[in-house]
Amino acid sequence: PSHLSFQKLAQENSANLTESKFNAVFAAWHFRREQACEMLCLYQPQRFEMGSNIPIAGKYKDKGTKMSFQKFELHEKILAGVQMLGYQKPTPIQLQAIPPVMEGRDLMGLAQTGTGKTAAFVLPILQRFMEKPLGRIRALIIAPTRELSEQTHEAIKQLGRKTKLRSAAVYGGVSIHNQINRLRGNVEIVSACPGRLLDHIERGTIDLSHVEVLVLDEADHMFDMGFLPDVRRIVNHLPQKRQTLLFSATMPDDVKSLAMDLLRNPVNIQIG
Ligand code: AMP
């Protein structure tokens, strides 16, 4: 089901909003029922009030409860990071992406920067590695620019500040030796630009053989900047068995075919 069919559902008049329609739209999104109720509140605040009964025809009338970050069942140390950043409630992309990503699903997210997409993938990654930091690289995030790599690295540091998980940023234009030292110091999450990352791969100064989660951020910009061949070369150094998440604001053909090659049975979400 697409974003559109979801919106259509939210616009149904109450008498037509049957249980089976509701379930059909939300089942494929991997929402628990109460999360689905909250989605209706979020998209149609004029009709559905947070915490009120969702008017569904038929025998069930569930109560929507306040959808806060608690609902994701994140570790309390991760929730502490969320609180410190002052996030009150999840953004639409976080609501849609966090549950399936926590389940280990691949994901294709059509979303721009500013939607909260960083936390949408960082929170499930922190949750997944929380219990066993292990001291080797388990998540790799690839982004087109130094600024985005640095921002993501910062978000990981902030959201994960109460956890033992360590993150490193890898991009060009700064000393490679400091990065090599940092990578030797046992990090679990690397936020990288393609060029410098390949440099480390060629020098043998990064071990990507334990990567479990790959995130391609702003894939359309990577395409614009001519990085897709580099991205494919990098992916060849990763284990085949992994979770892959791809975010892009637009979907040019080259990004589509990259997604087809890399994603397995992905959940598709679209924001805006
Ligand atoms: P992003 O789209 O990931 O670049 O996020 C855009 C901005 O929104 C960043 O400054 C985030 O810190 C902020 N942000 C992300 N999630 C939330 C949230 N749930 N509530 C408030 N702010 C958020």
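No experiment lies behind these values; they were computed from the predicted model shown.

Draft legend 1. Molecular detail of the pairing of strand β5 (residues 213-216). Neither face of β5 is open: one carries Val-213 and Val-215, the other Leu-214 and Leu-216, and all of them are buried. Sheet analysis places strand β2 (residues 139-142) next to β5, joined by 4 bridges and oriented parallel. Bridge assignment links Leu-140 to a residue of β5, and that residue is Leu-214. Where β5 lies against strand β6 (residues 243-248), 4 bridges are found, and the strand directions are parallel. In the strand pairing of β6, Leu-214 is matched with Thr-244.

Draft legend 2. Structural detail: the packing of aromatic side chains. Counted by the stated rule, this structure contains 3 aromatic pairs. On the numbers, 6.0 Å between centres and 70 degrees between planes, the contact of Phe-69 with Phe-72 is edge-to-face. Side by side, Phe-69 and Phe-72 carry an identical accessibility label, which is buried. Relative to Tyr-87, the ring of Phe-69 lies with its centre 6.3 Å away and its plane at 35 degrees, an arrangement referred to as tilted. Pair noted here: Phe-69 is in the loop between α3 (33-43) and α4 (76-84) and Tyr-87 is in the loop between α4 and α5 (92-102), with a separation of 18 residues, a long-range link. A relative accessible area of 4% means that Phe-69 is categorised as buried. Overall, the relative accessible area of 35% leaves Tyr-87 in the partly exposed class.

Draft legend 3. Just the pairing of strand β7 (residues 267-270), in detail. Because side chains alternate across β7, one face comprises the buried residues Val-267 and Ile-269, and the other comprises Asn-268 and Gln-270, none of which is buried. As paired strands, strand β1 (residues 107-110) and β7 are joined by 4 bridges and run parallel to one another. Bridging from a neighbouring strand, Leu-110 pairs with Gln-270 of β7.

Draft legend 4. Structural detail: the site of the ligand. Around the ligand, a shell composed of Phe-69, Tyr-87, Lys-89, Pro-90, Thr-91, Gln-94, Thr-113, Gly-114, Thr-115, Gly-116, Lys-117 and Thr-118 is seen. One of the side-chain nitrogen or oxygen atoms of Tyr-87 is found 2.6 Å away from an oxygen atom of the ligand. The fraction of the free accessible surface of the ligand (500 Å²) that becomes covered by protein chains is 65%. A per-class count over the shell around the ligand returns 3 nonpolar, 7 polar and 2 charged.

Draft legend 5. Fine view of α4. Residues of α4 that are buried: Ile-78, Leu-79, Gly-81 and Val-82. Buried residues of α4 fall within an arc of 155 degrees about the axis and therefore sit on the same side. Set apart from the buried face of α4 by more than 90 degrees, the exposed residues are Glu-76 and Gln-83. Looking at the buried residues of α4, the elements they touch are α6 (117-129) and α7 (146-159). Gly-86 sits one or two residues past α4 and shows a positive phi near 80 degrees.

Draft legend 6. Fine view of the environment of His-221. Within the secondary structure layout, His-221 lies in helix α10 (residues 219-224). Residue His-221 is classed as partly exposed on the basis of its relative accessible area of 34%. His-221 sits 76 residues away from Thr-145 along the chain, and the two C-alpha atoms are 8.8 Å apart.

Draft legend 7. Representation of the pattern of salt bridges. By the definition in use, this model includes 10 salt bridges. Where Glu-212 meets Arg-128, a salt bridge forms, and the shortest distance between an N and an O atom there is 3.3 Å. Here Glu-212, found in the loop between α9 (194-203) and β5, pairs with Arg-128, found in helix α6; they are 84 residues apart in sequence, far enough to count as distant. A relative accessible area of 36% means that Arg-128 is categorised as partly exposed. With a shortest N-O distance of 3.8 Å, Lys-256 and Asp-253 are connected by a salt bridge. Placement of the pair is Lys-256 and Asp-253 together in helix α12 (residues 253-262), with a separation of 3 residues, close to one helical turn. Looking at Lys-256, the relative accessible area reads 42%, which means it is partly exposed.

Draft legend 8. A look at a positive patch on the surface. Taken together, the side chains of Lys-77, Arg-161, Lys-162 and Lys-164 make up a positively charged region of the molecular surface. Counting through the fold element by element, Lys-77 comes out in helix α4. Residue classification places Lys-77 among the partly exposed positions, given a relative accessible area of 35%.

Draft legend 9. Spotlight on α12. Within α12, burial applies to Val-255, Leu-258, Ala-259 and Leu-262. Along the axis of α12, the buried residues cluster in a sector spanning 100 degrees; they form a single face. Exposed and facing more than 90 degrees away from the buried side of α12 are Asp-253, Met-260 and Asp-261. Those residues of α12 that are buried are in contact with β1, β5, α10, α11 (228-235) and β6.

Calculation rules
Throughout this description, residue numbers start from 1 for each chain and increase along the sequence as written. Totals for whole chains, interfaces and linings use every residue, but because this is a predicted model, local features are given only for residues with pLDDT of at least 70 and side-chain atom pairs only at 80 or more, for both listing and counting. Here the side-chain values reflect all heavy atoms present in the structure, with hydrogen atoms and water set aside. Note on exposure labels: buried denotes an accessible area under 20% of the residue type's maximum, exposed denotes more than 50%, and partly exposed covers the range between, all computed with a 1.4 Å probe on protein chains only. Secondary structure elements follow DSSP: runs of H or I no shorter than four residues count as helices, runs of E no shorter than two count as strands, and numbering proceeds from the N terminus. A pair of strands is labelled paired if DSSP reports no fewer than 2 bridges between them. Put simply, two rings from Phe, Tyr or Trp (the six-membered ring, in Trp's case) pair if the centres are within 6.5 Å, and we call them stacked under 30 degrees between planes, edge-to-face over 60, tilted for the rest. Throughout this document, a residue counts as near a molecule or strand when at least one of its heavy atoms sits within 4 Å of that molecule or strand. Contacts described as polar in this section are N or O atom pairs within 3.5 Å, which, within protein, must combine one atom able to donate a hydrogen with one able to accept it, while residues neighboring in sequence count only if both atoms come from side chains. The Shrake-Rupley method, run with a 1.4 Å probe, gives the accessible areas here. Residue values count only the displayed protein chains as cover. Just so you know the grouping, Ala, Val, Leu, Ile, Met, Phe, Trp, Tyr, Cys and Pro go in nonpolar, Asp, Glu, Lys and Arg go in charged, and all remaining residues, Gly too, go in polar. Arc, as used here, means the arc of the directions from the helix axis to the C-beta atoms. Here, residues are in contact when the closest pair of their heavy atoms is within 4.5 Å. Salt bridges are defined by distance alone: a side-chain nitrogen of Lys or Arg within 4 Å of a carboxyl oxygen of Asp or Glu. Note on patches: the residues involved have over 30% relative accessible area and no salt bridge, like charges join within 9 Å, and the nonpolar side chains Val, Leu, Ile, Met, Phe, Trp and Tyr join within 5 Å. When charges are counted, Lys and Arg contribute as positive and Asp and Glu as negative, whereas His and the chain ends are disregarded. Taken as the charge centre is NZ of Lys, CZ of Arg, CG of Asp or CD of Glu, depending on the residue.

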